Amino acid sequence: NEMKGVYSSPDQLHYRALKKALFRGHPIYAIDSGGDPRSIPTLTYDAFADFHRRYYHPSNAKIYVYGDEAELPTAERLALLESWLAEFGSSRGGGDEQIPWQPAEPEPYEVSEPYPVDAAAAAAPTQFVTLGWLFPPSPLEPSKKLAWGVLNDLLLGKPSAALQQPLLASKLGSAVVGGGYGASLQQAAFSVGLKGVAPGDEAKGRVSALILETLDSIAESGFEQSAVEASMNTIEFRLRAASASPMKGLSFMMGALSEWVYGRDPIEPLRFEEALASLKEDVARRGGAVFVDLLRDSVLENRHRCTLSLVPEPDLGGRLQAAEEQELSAVREQLSAGELKALEEETRALRAAQAARDDPADLAKLPTLSTSDLTASTKSIPIEVDEVAVAGGGRATLLTHELPTDGLVYLNVGFDLARLPIDDVPYVPLLCRMMSELGTDTLDEVAFSRTVSAQTGSLGVSTMTSAKPRPGGAAGSPDEAVAMLMLSGRAVADKAPQLFDLAAEMLASTQLDNAERAVAMLKQSLARAEAAVVSSGNSYASAALAARFSLCGSVDEMLGGVSQLHTLRGALEQAQSDWPALLARLERMRSALLSADGAVVNLSADEQSLATTAAHVPRLLGRLPSAAAPSDGGWAWSAGGVLVPSHEGLQVPTQVSYVAKALPIFQPGERICGSTSVVSRYLRTAYLWNTVRVQGGAYGCNLAFSRLDGRATFSSYRDPNLAATLEAYDGTGAYLRSNPLGPSELSKAIIGAVGELDAPQSVDARGVTSMVRHLLGVTEEERQIWRDEVLATTAADFVAFADRIDEVAARGSVAVVASESAIAEANVALPEAARLQAKAVL
C-alpha cells in the first residue's frame, strides 16, 4: 500500500524511471528499493527471512556515536556495544558486498515509460521530458563535490538561474524537474527537464534541444562574477549553518554515511574547510571558468546521456487494476473449499496475533526511561519585548532572543493578514512568491536575486497562521485566529545591515508588474499542488475538515487546500486574459498589508550581535509605509460546519486512499488538560497503529489533537481501506474503556508525550516558536501547568478522554481523498446518512 501510493504519483514515477534509465541493467540501482507493488506479492517468507539473516547483522552495520567523550568514554562505548551485539552468531555473508560501478554508455540513448492518468480529468494529459547524465565510474574529490554544489546553484538554484530561467521562459512545460546534481548514490548524476510538456515527439525534441543549446551557450559565455559570488555564498552559508545546528549530530551522521557506505572515509565530508579553501583559491585564480570546465567535463562532453520521456496513458491505471483483480480471481479459483477454509482460519489467527497485547516479559527486555528521569520544569526561550515608535504616531513590536547562533542573525517581520478582505486571502500565496522572487524598483530579478544570495543566507516571504487559545489554557473561539504575512531572513552578523536593507526593499519595492513571470509561477504552483493532492491527500482531507470548524482552518484551507487549486486555475486564466485586473488586486493587497504601525519584528542572535543588530530595526521600519492603506479587512466566520456533519469524497487518480474524520471535542472557553496530549499520542502509537496500519495495511495513521482549539482529527495515509478505517476511528472510545493501562504502559505514554514537548529545535526555530507564543498569549506559567499535568496523567484520564473522542464518532465530519471507484465501493458499505458526496478535484 505504501508503494501503491508512491506509484500513484507521476513525480515519483518520473524519479524512479529516471534512475532506472540512467543505471539500466544495474543489479541494484535499476531496481526500486521500495518494491514495485506488482512484484511485492511474489515475495516469499523464506526469501524475506534469508535476506534478514544475511544483511541485518553486526558485520554489515555502521555504528555511529555522537557525544562528549568525557560523559561516555570510548572504552564504555565499546563495552556497551559488546553487551548488545555479543549474542549474534557468525555472519551468513553479505557484509563484504560492494555496489558495482555502472559502466559508461558509449552513446546517448532514449527511454520512454508510461504513467497512468485519469481519462476523465479536465486538463489535457502531458508528458515529462528529462535529460540525465551519469558521471564516470569513479569517486569525486571533495573539492569537486563542493564545486558541483555551487554549479548546481548557478544553473538551477533559483528561478533566475542560468538554466532554470530559460526553461521557465520557454513555456514548453509547467515546471522544472530532474533535481539537478545528485550525489546520494555511489555515482553522481545531473538531470534536468520539464513536466507539463505537450504530448508527442516534436515537443520532446524541442525540450531536449533547448536544454542542450542552453548548456552550450552557458559554456560559451561563462558565468558572471556576481553570479559566482552569490552561489559561493549560498553554499558556504548552508555548510556553516548545518555546523551550527543543535541537531548537528544527526547531520554529521548523514554526512558520514554518504561516503562510509561505499567504503570511503566517513570523516572527509564533515571537514569541508579544506575543500572550501581549495575551491575559493581556484575561483580567485580562474573565476567562473572553474564551473564552466566542470560543466563541460561532466555533462557536455559526457556521452552517458539519457533522454527520458514519461508518457501519459489514460487507460493504464484501469489495466493495472484489472490485471490485479484477474490474478486474485485466478488464485481463488485454484483453491479448494478446504484450502479456502484454511486460508480464512490462517487470516483469523493473524488478526488475533496482531490485535493481541505484547507479552510483558518481552516488553521488559526493552531499555526504557522512567518518569523519574524526566525534567519537571519547562525549558524557556529568552525573550525581550519592546515597542518601537514609527512615523505618524504608530508603534511596532520588537521581540529579541539572545540565543547561541554562532554569529548568525535571524530576522522575521510580520504583518496582520486580517487587514485583507477575506476574498483576497486565497491570492496571498501568489503575492508571497512574487515578492520573494521578482526584482525591485532599483534592481531587476537577476540582480536582486544575486544580491540576496551574496549578502544573506536566505530571504523570502510566506505566511504564518494559528488558532488562538483563551487565557489559562482554555480552548479558543473558532472565530479567532492569528494570521500574518511573514518575511524571514538570515545572514552573518557583519552583514546584518545588508539583510535589513534587502528586507525593506523586498517588502516595499518589489516590482509586481510582470505578467510573464506571474503566469510561469502560477503554472508551477498549480503543477506542484496537483501532484501534492495525490501524494499527500491526508493533508488535503484534514484541511477540508479544519475549514468547517474554525476561522483559522478556513484560512489555512484557502492558502493550501483543495480550494487553492481552484484559485490557481482562476488566477492563471486571469493573468493570461486580464493581467491589469489581477495586478491591481495584488497591488491593493500589498498596500493593505504593509505598515510599520502594528508590524512585529522578531530577532534572534547571540549576545555579541543582538544589540548592534537591533539598532537596524528603526531604519527598516522607516522604509515602510507608516500606516496601511484603507481596506475592507475584518473576517467573519460561520459555525455551521460544527453543527451539521459533512461527508466529502475528493476524487483523484490514486491507488490508495487518505481518510480523515474530525470534530472539536472541547467547547470554546473550556479548559484543556495536559493529559490530553498523553492520551492522543498513545492512541496514535498503540490503537491506531495496530488497527489502521498493522491490521488495516495503511502506511500511516494519526490522531492530531489541538490544545489551542480542542479539535481532534483522525487521518490515514496511503490506506487500502476507507469504510473499515472510519469504523476503526469510531471504535477508539471503546478501546480506551476496555483496555486499561498498567503502570508500565502509562509511564511510557507520559515519557513519549514529554519527548514531544522537548523535541530539539534549530536556533532560528526557537526564536520563531517564542514569537508565536507571544502572539498567541501563551505564558510560561501556562506551559508549566501543562507540563505538570502531562507528568501527572493517570489511567483515569484515558477513560475520561473516551467520552470526548466518542463525540467524533457520533457527530464528526468526514473527508477522504480517494479514487472514484474507492469512493463508490465505500458508499456501498456505509450507512446512507454517512455516504460520501463525491467531487472531482483533478
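Here's a quick rundown of the structure. Remember, predicted model here, so these are calculated numbers, not experimental data.

1. A short note on the overall build of the protein chain
Check the secondary structure of the protein chain and you find 34 helices and 17 strands. Its C-alpha radius of gyration of 28 Å places the protein chain within 12% of the 28 Å reference for a compact globule of 842 residues. Taking the principal axes of its C-alpha atoms as reference, the protein chain extends roughly 80 × 70 × 65 Å. The long-range share in the protein chain, meaning contacts at least 24 apart out of those at least 6 apart in sequence, stands at 83%. In the structure as shown, the protein chain presents an accessible area of about 39000 Å², 53% of it carried by carbon and sulfur atoms. Both charge centroids of the protein chain, one from 73 positive and one from 104 negative side chains, sit 1 Å from each other.

2. Details of helix α2 (residues 10-22)
Counted at 1.5 Å a residue, the expected span for α2 with its 13 residues is 18 Å, and the 18 Å between its end C-alpha atoms agrees. Contact partners of the buried residues in α2: β1 (109-116), β2 (127-134), β3 (175-182), β4 (189-197) and β5 (305-313).

3. Quick word on the side chain of K19
Counting through the fold element by element, K19 comes out in helix α2. The side chain of K19 is buried and forms no salt bridge, while D32, the nearest opposite charge, is found at 6.0 Å. Once residues within four sequence positions are removed from consideration, K19 is found in contact with Y29, I31 and L185.

4. Focus: the sheet that holds β1
Taken in spatial order, the five strands make up an open sheet running β1-β5-β2-β4-β3, and their pairing is mixed. Strands with a single pairing partner mark the edges of an open sheet, and in this sheet they are β1 and β3. Adjacent strand axes in the sheet meet at a mean angle of 15 degrees, parallel and antiparallel pairs treated alike. Sheet topology places β2 next to β4; seven bridges connect them, and they run antiparallel. Counted as the bridge partner of W133 is F190 from β4. The sheet strands contacting α2 are β1, β2, β3, β4 and β5, and the helix crosses β5 at an angle near 145 degrees.

5. Looking at the packing of aromatic side chains
Tallied over the full model, the rule gives 17 aromatic pairs. A ring pair is formed by F51 and Y55, whose centres lie 4.7 Å apart and whose planes are at 45 degrees; its orientation type is tilted. In this pair, F51 and Y55 are both assigned in helix α3 (residues 45-55), four residues apart and thus about one turn of the helix distant. Under the relative-accessibility criterion, Y55 is labelled partly exposed at 22%.

6. Topic: the environment of L85
Structurally, L85 is set in helix α4 (residues 74-85). Remark: the alpha-carbon pair of L85 and A749, spanning 664 residues in sequence, is separated by 28 Å. Ignoring any residue separated from it by four or fewer positions in sequence, one finds L85 in contact with P58 and I63.

7. With respect to the sheet that holds strand β12 (residues 647-651)
The strands making up a sheet associate through backbone hydrogen bonding, with each pair oriented either parallel or antiparallel. Strand order across the open sheet formed by six strands is β14-β15-β13-β16-β12-β17, with mixed pairing between neighbours. Edge positions in the open sheet fall to β14 (700-705) and β17 (837-840), since each of these has one partner strand only. Going across the sheet, the axis of each strand differs from the next one's by a mean of 15 degrees, ignoring polarity. Bridge count for β12 against strand β16 (residues 813-818) is five bridges, and the pairing is parallel. Bridge pairing in β16 places L650 opposite V817. Lying on the sheet, helix α28 (residues 723-730) is in contact with β13 (658-664), β15 (711-717) and β16; it crosses β13 at an angle near 30 degrees.

8. So, the pattern of salt bridges
The final tally for this structure, using the stated rule, is 47 salt bridges. The residue E324 makes a salt bridge to K4 at a minimum N-O spacing of 3.0 Å. Linking E324 in helix α12 (residues 316-334) with K4 in helix α1 (residues 2-6), this pair joins segments that are 320 residues apart in sequence. E807 serves as the salt-bridge partner of R811, at 2.9 Å between the closest nitrogen and oxygen. Pair noted here: R811 and E807 are both in helix α33 (residues 795-811), with a separation of four residues, about one helical turn.

9. Points about the pairing of strand β7 (residues 395-402)
Sheet analysis places strand β6 (residues 384-389) next to β7, joined by six bridges and oriented antiparallel. Looking at the pairing, A389 lines up with R395 of β7. As consecutive antiparallel partners, β6 and β7 are separated by five residues, and within that stretch G392 has a phi angle of approximately 85 degrees, a positive value. Summarising the sheet, β7 and strand β11 (residues 600-605) pair through six bridges and their orientation is parallel. Residue pairing in the sheet places T397 in a bridge with V600 of β11.

10. Details of the environment of G598
By the secondary structure assignment, G598 is in the loop between α22 (579-593) and β11. Judged by its relative accessible area of 39%, G598 falls in the partly exposed class. C-alpha separation for the pair G598 and G414, spaced 184 residues apart in sequence, amounts to 8.9 Å. When sequence neighbours within four positions are dropped, the list of residues in contact with G598 reads R395, A396 and R419.

11. Quick look at unusual backbone geometry
Positioned with a positive phi, D406 is a non-glycine residue whose angle comes to about 55 degrees. Within the element layout of this structure, D406 appears in the loop between β7 and β8 (408-416). Positive phi outside glycine occurs at R718, with the angle close to 50 degrees. With respect to the helices and strands, R718 occurs in the loop between β15 and α28.

12. Some remarks on the packing of helix α15 (residues 428-437) against helix α18 (residues 515-535)
The contact between α15 and α18 brings their axes to 11 Å, and the two run at 125 degrees. With respect to α18, the element α15 is oriented oblique. The hand of the α15/α18 crossing is right-handed. Together, L430, R433, M434 and E437 of α15 and R517, A518, M521, L522, Q524, S525 and R528 of α18 make up the contact between the two elements. For the contact of α15 with α18, a count of residues per class yields five nonpolar, two polar and four charged.

13. Observations concerning the packing of helix α5 (residues 142-156) against helix α11 (residues 289-300)
Remark: α5 packs on α11, axes separated minimally by 10 Å, with the N-to-C direction vectors making an angle of 95 degrees. Relative to α11, the element α5 lies roughly perpendicular. Judged by residue contacts, K144, A147, W148, V150, L151, L154 and L155 of α5 engage F291, L294, L295, S298 and V299 from α11. Tallied by class, residues from the contact of α5 with α11 come to 10 nonpolar, one polar and one charged.

14. Focus on the state of the cysteines
Under the counting rule described, the total for this entry stands at zero disulfides. Looking at C432, it has no disulfide partner, and the nearest cysteine sulfur is the one in C552, 15 Å off.

15. Notes on the nonpolar core
Within the largest apolar cluster, 135 residues are counted, with the highest numbers of intra-cluster contacts made by L411 and L621. It is α18 that provides the largest number of residues to this core, a total of eight residues. The residues contacting L411, other than those within four sequence positions of it, are L487, S488, G489, L499, F500, A503, V601, N602, L603 and L620.

16. Quick notes on the environment of R773
By the secondary structure assignment, R773 is in helix α31 (residues 763-776). The spacing of R773 and R783 is 10 residues in sequence and 10.0 Å in space, taken between C-alpha atoms. Non-local contacts of R773, meaning those with residues more than four positions away in its chain, are made with I381, V778, E780 and R783.

17. Description of a nonpolar patch on the surface
A cluster of nonpolar residues, L43, Y45 and F48, forms a patch on the protein surface that exposes about 390 Å² of accessible area. In this fold, F48 is placed in helix α3.

Definitions and cut-offs
Residues numbered from 1 in each chain as written. Predicted model: local features only at pLDDT ≥ 70, side-chain atom pairs only at ≥ 80, totals over all residues. Heavy atoms only, no water. Helix = DSSP H or I, 4+ residues; strand = E, 2+ residues; numbered from the N terminus. Rg over C-alpha atoms; globule rule 2.2 N^0.38 Å. Contact = heavy atoms within 4.5 Å. Areas by Shrake-Rupley, 256 points an atom, 1.4 Å probe, with all protein chains shown as cover. Lys, Arg positive; Asp, Glu negative; His and termini not counted. Charge placed at Lys NZ, Arg CZ, Asp CG, Glu CD. Expected span 1.5 Å × (residues − 1). Buried < 20%, exposed > 50% of the residue type's maximum accessible area, 1.4 Å probe, protein only. Salt bridge = Lys/Arg side-chain N within 4 Å of Asp/Glu carboxyl O. Pairing = 2+ DSSP bridges. Axes fitted to C-alpha atoms, helices over the stretch in contact; angles between N-to-C directions. Phe/Tyr/Trp six-rings, centres within 6.5 Å; stacked < 30°, edge-to-face > 60°. Parallel < 35°, antiparallel > 145°, perpendicular 65-115°, else oblique. Left-handed = near helix turned anticlockwise from the far one by under 90°. Nonpolar A, V, L, I, M, F, W, Y, C, P; charged D, E, K, R; others polar. Disulfide = S-S within 2.5 Å. Core = buried A, V, L, I, M, F, W, Y, C linked by side-chain atoms within 4.5 Å. Patch = residues over 30% accessible without salt bridge, like charges linked within 9 Å, V, L, I, M, F, W, Y side chains within 5 Å.

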